[in-house]
Structure formats: C-alpha cells, structure tokens
Amino acid sequence: DWKSGFNGDDLDLIHWNVGLWDTLELYDDGCLTPPKFYAFFIEKICKRINVLFPKAKVIFATSTPVIESRFTEPHFSRRLNSNVKKYNNIAVEICKKHGFAVNDLYSLVENVPEEYYSDMTHLYTPEGTQLLTDAVIKAICDTLDFLKCRYPQIDVELCRTVQFITSQELEDLYPNLSSKERENA
C-alpha cells in the first residue's frame, strides 16, 4: 500500500542504509542480529527492492563508525567498530551481487573529529550533517550524471549544494503559513 503513495509505479533512484541497530550489543551477549540473519535480511531487502522498483538505480550507504569510548556502560549497551565494519562488509558483498552501487560513508567519517558527533553514534551536528549530506548528494548527482550519459533524453539537473534551515528560521520567514505549508515554501 505504501508504494501507491509514489508518483508512478517505479522510482528512479533509491539510496538506503541499515546496520547500526543490528550491531548493538546488550548485556555482553553479542550483536542484536547475528551475522547470518543479517545477511539473510539484506538479501531479502535487495530482492524486494528489485521486485518493487525494477527500474531504480540503487545505492547502498554503509553505516558510519561509532565513538566506542562514549558508551559509558559497555557491559549494558555498546557498539564496536569491528562489528560495524563486519556488517558493512556483509551488506556490501550482497548489494554488489545485486548490482547496487555503494556509498562508503564509513570511510568518509572514519577520521572526522569527535566534535562532528552529537553522541556516540550520530552525526547530528552541523558539521556532521553537512558532511553526510554532501556525500549523499554527490552519490545521487553522480548517478544522475552517469544515467544522463546513457540516456541523453534525461534532462534533469540537481543542485549539488544543500543549505540547511531550521524550523524557527522558516517560521520567521513565513509566519502566516502553517508548519506543513512552510515545508513547501
């Protein structure tokens, strides 16, 4: 049913990611999702994407590293970069088998300053958000450029620059619009 909400019956491009939740360890009993099950579900997701959106160009984004030292109760809850890498490798191998491109966000983020992180796992700071957004936009635009070379009739241009605006800034600019209306202003 959710597919019917899209314009048309297919998508042109899908950029997706999974994995960090699968690598979470609770109470020292290993990752939430064992590697064999993770591989099974990645395979299933890839097949489902190909069935539902057969014309889509697909990009899988690897999970980003975590700051292990910020997990203050490692015997209760933690993530290890060795597991993130392992699960990324599992996903990348399966995704490549299905002809999906890979956006290696792990390597991009691996050596960024800790200040890019908002906590032990997320990069919700302005610097972290900008870095990841630029990488995703680049992957999407590079894919579009590739497709335009193969299909000259494609005449879509995407801006490679993304600017962020807060909800407060939008409200200040458009005080007479509802929050939903401001999303499209």
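Please refer to the structure placed before this passage.
Everything quoted here is computed from the prediction, not taken from an experiment.

Draft legend 1. A look at the pairing of strand β3 (residues 57–61). Counting buried residues along β3, four of its five residues qualify, which places the element largely inside the surrounding structure. With four bridges joining them, strand β1 (residues 13–16) and β3 adopt parallel strand pairing. From the neighbouring strand, Ile-14 faces β3, where its bridge partner is Val-58. One ladder, built from three bridges, connects β3 with strand β5 (residues 101–103); its direction is parallel.

Draft legend 2. Region of the structure containing the pattern of salt bridges. Scanning all chains against the criterion turns up nine salt bridges. A salt bridge links Glu-43 to Lys-47; the shortest N-O distance between them is 3.9 Å. Within this pair, Glu-43 and its partner Lys-47 are both found in helix α1 (residues 35–52), separated by four residues, close to a single helical turn. Of the charged contacts, one joins Asp-142 and Arg-160 as a salt bridge, the two residues approaching to 3.0 Å between their closest N and O atoms. With Asp-142 in helix α4 (residues 126–150) and Arg-160 in the loop between α4 and α5 (167–173), this pair connects stretches of sequence that are 18 residues apart. The exposure class of Asp-142 is partly exposed, given its relative accessible area of 32%. Owing to a relative accessible area of 39%, Arg-160 belongs among the partly exposed residues under this scheme. Through salt bridges with shared partners, one network takes in Lys-138, Asp-142, Asp-145 and Arg-160.

Parameters and conventions
Residues numbered from 1 in each chain as written. Predicted model: local features only at pLDDT ≥ 70, side-chain atom pairs only at ≥ 80, totals over all residues. Heavy atoms only, no water. Buried < 20%, exposed > 50% of the residue type's maximum accessible area, 1.4 Å probe, protein only. Helix = DSSP H or I, 4+ residues; strand = E, 2+ residues; numbered from the N terminus. Pairing = 2+ DSSP bridges. Salt bridge = Lys/Arg side-chain N within 4 Å of Asp/Glu carboxyl O.

Take it as geometry only, folks, not as evidence of what the structure does.
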